[in-house]
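# Structural description and commentary
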Amino acid sequence: MPTIRLSGTILGEEDPARIDRAELLYLLFRSGWNIYNSNGDQTITLSNVEEKIIESDAFLFTPNPGIEDLFKAVSIFVGYQTLDKNLAGKPTILLNENDSWQGLLDVLTHLNKLGTVSQDHREFLLEARSTGGAVKQVEYGCSRRPPDAGREVMEGAEVMDSFETPPPEDIVGNVCVFCSATIEDEAYLEEGRQLGQMLAENRFGCVSGAGKSGIMGAVVRGNVEAGGWSAGSNVPHIIEIEGLPDGLASFWLRDDIYTRMEVMIENSNAFIIMPGGAGSVQELLALMMFKAHGDPLMDGKPVYIFNSPLPEGGGFWDPMIKLLQDLCPAHPPLVCSSLDEILEGLVSGLSTKEAVEQGV
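Overview of the structure. (Residues numbered from 1 in each chain as written. Predicted model: local features only at pLDDT ≥ 70, side-chain atom pairs only at ≥ 80, totals over all residues. Heavy atoms only, no water.)

### Digging into the overall build of the protein
Where we set the bar: The helix count covers DSSP runs of H or I at least four residues long, the strand count covers runs of E at least two residues long, and both are numbered beginning at the N terminus. The size measure is the radius of gyration over C-alpha atoms, and the globule rule it meets is 2.2 Å times the number of residues to the 0.38 power. Buried means the residue's accessible area, taken with a 1.4 Å probe over protein chains only, is under 20% of the maximum for its type, while exposed means over 50%, and partly exposed covers the values in between. Should any heavy atoms of two residues lie within 4.5 Å, those residues are counted as being in contact.
Along the protein, the regular secondary structure elements total 13 helices and 12 strands. Relative to the globule expectation of 21 Å for 360 residues, the C-alpha radius of gyration of the protein, 21 Å, shows essentially globular dimensions. Overall, the C-alpha framework of the protein stretches about 65 × 45 × 40 Å when taken along its three principal axes. Burial statistics for the protein: of 360 residues in total, 53% are counted as buried. Pairs at least 24 apart in sequence give 76% of the contacts found in the protein among residues at least 6 apart.

### Some details on the environment of Asp148
Tracing the sequence through the fold places Asp148 in the loop between α6 (131-143) and β6 (173-178). Under the relative-accessibility criterion, Asp148 is labelled exposed at 65%. Sequence separation between Asp148 and Phe124 is 24 residues, and the spatial gap between their C-alpha atoms is 9.4 Å.

### Here we look at the environment of Leu195
With respect to the helices and strands, the residue Leu195 is situated in helix α7 (residues 186-201). Taking the C-alpha atoms as reference points, Leu195 and Val219, separated by 24 residues in sequence, lie 6.3 Å from one another. With sequence-adjacent residues up to four places away left out, Leu195 is seen in contact with Val177, Ile272, Met274 and Leu339.

### Some points on the pattern of salt bridges
Short version of the rule: A pair is scored as a salt bridge if a Lys or Arg side-chain nitrogen falls within 4 Å of a carboxyl oxygen belonging to Asp or Glu.
Counting across every chain of the model gives seven salt bridges. A salt bridge links Asp69 to Lys72, with the shortest nitrogen-to-oxygen separation between them at 3.7 Å. Linking Asp69 with Lys72, this pair stays in helix α3 (residues 67-81), spanning three residues, or about one helical turn. Assigned by exposure class, Asp69 and Lys72 land together as buried. With a closest N to O distance of 2.9 Å, Asp99 and Arg129 form a salt bridge. Taken together, the residues Asp99 in the loop between β4 (92-95) and α4 (102-114) and Arg129 in the loop between β5 (125-128) and α6 connect sequence positions 30 residues apart. On the basis of relative accessibility, which here comes to 40%, the residue Asp99 falls in the partly exposed class. Arg129 sits in the partly exposed class, given a relative accessible area of 46%. Salt bridges sharing partners connect three or more residues here, namely Arg5, Lys52 and Glu55.

### Focus on the sheet that holds strand β7 (residues 204-208)
Where we set the bar: By definition, two strands form a pair when at least two bridges between them are found by DSSP. All axes are obtained by fitting lines to C-alpha atoms, using only the stretch in contact for helices, and the reported angles, taken between N-to-C directions, cover 0 to 180 degrees.
Pairing is parallel across the open sheet formed by seven strands, whose spatial order is β9-β8-β7-β6-β10-β11-β12. At either end of the open sheet lies a strand with only one pairing partner, and these are β9 (250-253) and β12 (334-336). Direction aside, neighbouring strands of the sheet carry axes that sit 20° apart on average. Pairing of β6 with β7 involves four bridges; the strand directions are parallel. Note on β7: the bridge partner recorded for Cys176 is Val207. Seen against the sheet, helix α11 (residues 278-292) touches β6, β10 (270-273) and β11 (303-306) and runs at an angle of roughly 150° to β11.

### Topic: the side chain of Lys291
Within the secondary structure, Lys291 sits in helix α11. Ignoring any residue separated from it by four or fewer positions in sequence, one finds Lys291 in contact with Met298, Lys301, Pro302, Val303 and His331.

### Observations concerning the state of the cysteines
Stated formally: The criterion for a disulfide is a pair of cysteine sulfur atoms lying within 2.5 Å.
A complete count under the given rule lists zero disulfides for this structure. No disulfide involves Cys179; its nearest neighbouring cysteine sulfur is the one of Cys206, lying 8.5 Å away. For the unlinked cysteine Cys206, the closest cysteine sulfur is that of Cys176, found at 8.3 Å.

### Considerations on the sheet that holds β4
Spatial ordering of the open sheet is given by β2-β1-β3-β4-β5, a layout of five strands whose pairing is parallel. Edge positions in the sheet fall to β2 (34-36) and β5, since each has one partner strand and no second. Along the sheet, successive strands turn relative to each other by an average axial angle of 25°, direction set aside. Judged from the three bridges that link them, strand β1 (residues 3-6) and strand β3 (residues 58-61) form a sheet pairing that is parallel. If you follow Leu6 over to β3, its bridge partner there is Leu60.

### Here we look at unusual backbone geometry
Its identity is not glycine, yet Arg203 carries a phi of approximately 65°, on the positive side. Tracing the chain through its elements places Arg203 in the loop between α7 and β7. Although it is not a glycine, Ala210 adopts a positive phi angle of roughly 55°. Positionally, Ala210 belongs in the loop between β7 and α8 (214-225). On the accessibility criterion, Ala210 (0% relative accessible area) is buried.

Below, the structure written as structure tokens:
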């Protein structure tokens, strides 16, 4: 009997979401599904997300998503994009009867228009407007041919084992850069190269997703060419699509994109979100989720969003910033419109922290 995983959390007996959830449980059981997280009380962490994906045959997200639900939904979309074999043929449905998923859908639509998300999210995240419609979408998703993500495995892409070279003693701290591995626009690539160079020249280690292409590759190249210490983490099935950059001082091979994020967070003191796609949305949501939960993994670590100005006006991350305003009122990211502004914050923050730790 197939198993479907429900999202959402039920907050006590008076939670109005219990009614929709009860109806979903009835309809799904009647249709022959086993149900994980039926009570809305299971905890998802970066360490167990892939395990939950492997044990499920379909995913159904209920209305009024919290930051954890948004993170899980976009993570599954990223898995579809990167040809995660554990997601092959497994549909995902968003029950959006009250438009509470619209903020995330607006972000993905915006990124699709900018070209950093090449897939139409509506083919991968099936939307439903009622509980009955959600069950029908589950059946449809299971019966159809999975949509083509438009990605191919590179010939000759080498998957290497982890290796470690300690950072130089004069490194102030490590800055993790989350960004696109697919953007080929020269202006964005130059911003990535400049950022990598700036980190090296100001004694910051550079941590990345260890991709060879797009802004990610440009950041590493700029850092390495300027004599910086660069480290990164990646997973086999993405390396086969994107390859690995030259010049990494340390590389952490991981089995899935969630433990990949975890090791990058553990080894970083600050984070910069550059222009990117759904993967960068996923990574930003993970950081904000940890901040919201008071996780010690993010204690004292600032998150900068580089809201690169667009030629037609506005900023690259405007819809994402709008989405986060309601989700993270207590721990908002720091939004900057220039790399110099970010560097000023890093130098002021991390250099001062280093001095305090050393008793200067």
